[in-house]
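Next come the chains, spelled out residue by residue.
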Amino acid sequence: MQDVSTLVAQAREGRPRAVARLISLVEGASPQLREVMAALAPLTGNAYVVGLTGSPGVGKSTSTSALVTAYRKQGKRVGVLAVDPSSPFSGGALLGDRVRMSEHASDPGVYIRSMATRGHLGGLAWAAPQAIRVLDAAGCDVILVETVGVGQSEVEIASQADTSVVLLAPGMGDGIQAAKAGILEIGDVYVVNKADRDGADATARELNHMLGLGEARKPGDWRPPIVKTVASKGEGVEEVVEALDKHRAWMEERGVLAERRRARAAREVETIAVTALRERIGDLHGDRRLGALAERIVSGELDPYRAADELIQSLTEN
């Protein structure tokens, strides 16, 4: 058993090993997890969380690395969480992220962590917010959360971030993919990376058109900007940071940031509660209560919904 108060104190001092151990406790659903979260709770709420999402090949890791450089120039401490929701193992694309971000490895003001959800019952929604909380408590001013997967995981990441950045690249049919995956609905800032390639302007135009089709905005509502970048050369990155700053200021001015964080906290509580219930139900295989209810359903004495109600009642009473 590790001394949680010592780990938290060391993480606050910016010691990478302590931060790594705390995130490992989160990832592994350690018995000390409740103690860790209780110790971190008063120390959080200061970091600005940016989610980066998009199809493979759009340059997410390169863009993340370029944003780290831009924020470090401003003197900000940066945490990077590269999350692979689809893989039960740490490796593959995640290791690629570490390699691409290796220029920041020796910078004490940057903490980079690859995280797989390892098939935990709560999945990404369960593990990511707690890892974000560790980085927040460790004094990161900005936390960049990058997903490796596509599809539903993108939407989940958006729900963990203050601001969601959707990355696209020319010539990848991204416009159609974005519409299919529903990620057009989650972006606060859109980035067309690899803008030195043919078709970048057309991609930006198509994206602008598609955003316009789905619009039902009132005056004063946020209109997501479209920024063109060449992240590998650092071009357009300052404009992305400027767009992020503007979005944050807009949210703070209208109380949207506090509202998003409350919604995030509510989802987290719900996920933890549902996960705990699911774990308890998972222990019921072979339980006589479940067997008895199944027998009554088969005999026509009880319908499945009534049976589920009875089961929930017996679980909550225990």
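Details of the structure are given in the entry above.
Throughout what follows, the structure given in this document is the object of discussion.

Procedures and definitions
Residues numbered from 1 in each chain as written. Predicted model: local features only at pLDDT ≥ 70, side-chain atom pairs only at ≥ 80, totals over all residues. Heavy atoms only, no water. Buried < 20%, exposed > 50% of the residue type's maximum accessible area, 1.4 Å probe, protein only. Helix = DSSP H or I, 4+ residues; strand = E, 2+ residues; numbered from the N terminus. Pairing = 2+ DSSP bridges. Phe/Tyr/Trp six-rings, centres within 6.5 Å; stacked < 30°, edge-to-face > 60°. Axes fitted to C-alpha atoms, helices over the stretch in contact; angles between N-to-C directions. Parallel < 35°, antiparallel > 145°, perpendicular 65-115°, else oblique. Contact = heavy atoms within 4.5 Å. Nonpolar A, V, L, I, M, F, W, Y, C, P; charged D, E, K, R; others polar. Salt bridge = Lys/Arg side-chain N within 4 Å of Asp/Glu carboxyl O. Expected span 1.5 Å × (residues − 1).

Where a strand is regular, its side chains alternate between the two sheet faces. The buried fraction of strand β5 (residues 163-168) is high, at six of six residues. Alternating positions in β5 separate into two faces, Thr163, Val165 and Leu167 on one and Ser164, Val166 and Leu168 on the other, with burial throughout. Where strand β1 (residues 48-53) meets β5, four bridges bridge the pair, whose relative direction is parallel. Paired with leucine 52 across the two strands is valine 165, which belongs to β5. One ladder, built from four bridges, connects β5 with strand β6 (residues 189-192); its direction is parallel.

Moving on: the pairing of β6. Because side chains alternate across β6, one face comprises the buried residues Val189 and Val191, and the other comprises Tyr190 and Val192, equally buried. For β6 and strand β7 (residues 226-228), the ladder comprises three bridges, and the chain directions are parallel. Residue pairing in the sheet places valine 191 in a bridge with valine 227 of β7.

Another point: the packing of aromatic side chains. Summed over all chains, the structure comprises one aromatic pair. With a centroid separation of 6.0 Å and 45 degrees between ring planes, the pair formed by tryptophan 222 and tryptophan 250 is classed as tilted. Within this pair, whereas tryptophan 222 is found in the loop between α9 (200-213) and β7, its partner tryptophan 250 is found in helix α10 (residues 237-254), the two being separated by 28 residues in sequence. Across the pair, tryptophan 250 and tryptophan 222 agree in class, each one buried.

Glancing now at the packing of helix α4 (residues 60-73) against α10. Where α4 contacts α10, the two axes come as close as 10 Å, and the packing angle between them is 75 degrees. When the interaxial angle is binned, α4 and α10 end up roughly perpendicular. For the pair formed by α4 and α10, the contact residues are Ala66, Leu67, Ala70 and Tyr71 on the first element and Val237, Glu238, Val240, Val241 and Leu244 on the second. Here the contact of α4 with α10 is composed, by residue class, of eight nonpolar, no polar and one charged.

Below, the discussion takes up the environment of valine 166. Looking at where valine 166 falls in the secondary structure, it is placed in strand β5. Under the relative-accessibility criterion, valine 166 is labelled buried at 0%.

Let's shift gears to the pattern of salt bridges. According to the stated counting rule, one finds 13 salt bridges in the structure shown. Salt-bridge contacts for glutamate 268 lead to arginine 133; the nearest nitrogen and oxygen are separated by 2.8 Å. With glutamate 268 in helix α11 (residues 256-282) and arginine 133 in helix α6 (residues 123-137), the pair connects residues that are 135 residues apart, well separated along the chain. Exposure remark for glutamate 268: the relative accessible area of 10% places this residue in the buried category. In this structure, arginine 261 engages aspartate 162 in a salt bridge whose closest nitrogen and oxygen atoms are separated by 2.8 Å. Pair noted here: arginine 261 is in helix α11 and aspartate 162 is in the loop between α7 (152-158) and β5, with a separation of 99 residues, a long-range link. Taking relative accessible area as the criterion, arginine 261 reaches 23% and is therefore assigned partly exposed. When its relative accessible area of 0% is taken as the criterion, aspartate 162 is described as buried.

Right, let's get into helix α2 (residues 16-27). Each full turn of the α-helix corresponds to 3.6 residues, which orients residues three or four apart in the same direction. Between its first and last C-alpha atoms α2 spans 16 Å; for twelve residues at 1.5 Å apiece the expected length is 16 Å, and the two agree. Within the span of α2, buried status applies to Ala18, Val19, Leu22, Ile23, Leu25, Val26 and Glu27. Positioned one or two residues after α2, alanine 29 has a phi angle of 50 degrees, which is positive.

Shape descriptors only; they carry no functional weight alone.
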